[in-house]
Amino acid sequence: MSLALKITLLVASIILILSILLQSSNSAGLSGSIGGGAEQLFGKKKSRGYEGILSKITVVAAVLFIAFSLAIVTIEYVK
């Protein structure tokens, strides 16, 4: 069971890394975070399309990564 959780953790981490790398940047560096921060914070966010799908995949992969990490630690600690 521990091996299956570790393999699933590996797959979740690869999906998480790829989904983060495929997302486009939201700001233009430090000047974008100072000058355009309010626009990004209060502006409309695209919930459909490519960016929305990648955002949802990232959230699901992050939750799975945390859950499987905690499960593996719990199983190894009980042994």
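Residues numbered from 1 in each chain as written. Predicted model: local features only at pLDDT ≥ 70, side-chain atom pairs only at ≥ 80, totals over all residues. Heavy atoms only, no water.

**Considerations on the overall build of the protein chain**
Thinking step 1. Helix and strand counts for the protein chain stand at four helices and zero strands.
Thinking step 2. Taken over 79 residues, the protein chain has a buried fraction of 18%.
Thinking step 3. Within the protein chain, residue pairs in contact and separated by at least 24 positions form 85% of the contacts whose partners lie at least 6 positions apart.
Thinking step 4. Summed over its atoms, the accessible surface of the protein chain is roughly 6400 Å², and 72% of this surface lies on carbon and sulfur atoms. (Helix = DSSP H or I, 4+ residues; strand = E, 2+ residues; numbered from the N terminus. Buried < 20%, exposed > 50% of the residue type's maximum accessible area, 1.4 Å probe, protein only. Contact = heavy atoms within 4.5 Å. Areas by Shrake-Rupley, 256 points an atom, 1.4 Å probe, with all protein chains shown as cover.)

**So, the confidence of the model for the protein chain**
Thinking step 1. Taken over all residues, the pLDDT of the protein chain has a mean of 82, while the share at 70 or more is 72%.
Thinking step 2. By mean pLDDT, the top-scoring element of the protein chain is helix α1 (residues 2-22) (95), and the lowest-scoring one is helix α3 (residues 37-42) (52). (pLDDT = per-residue confidence, 0-100.)

**Comments concerning α1**
Thinking step 1. Given a rise of 1.5 Å per residue, 21 residues ought to cover 30 Å, and the 30 Å separating the end C-alpha atoms of α1 matches this to within 8%.
Thinking step 2. Residues Ser2, Leu5, Leu9, Ala12, Ser13, Leu16 and Ser19 constitute the buried set of α1. Angularly, the buried residues of α1 cover 135° about the axis, an arc narrow enough to put them on a single face. Of the exposed residues in α1, the ones pointing more than 90 degrees away from its buried face are Leu3 and Leu21.
Thinking step 3. Where α1 is buried, its residues touch α4 (49-78). (Expected span 1.5 Å × (residues − 1). Arc of directions from axis to C-beta.)

**Thoughts on the pattern of salt bridges**
Thinking step 1. A complete count under the given rule lists one salt bridge for this structure.
Thinking step 2. Between Lys6 and Glu76 there is a salt bridge; the shortest N-O distance is 3.9 Å. Of this pair, Lys6 sits in helix α1 while Glu76 is found in helix α4, placing the two residues 70 residues apart along the sequence.
Thinking step 3. With relative accessibility at 41%, the residue Lys6 sits in the partly exposed group. (Salt bridge = Lys/Arg side-chain N within 4 Å of Asp/Glu carboxyl O.)

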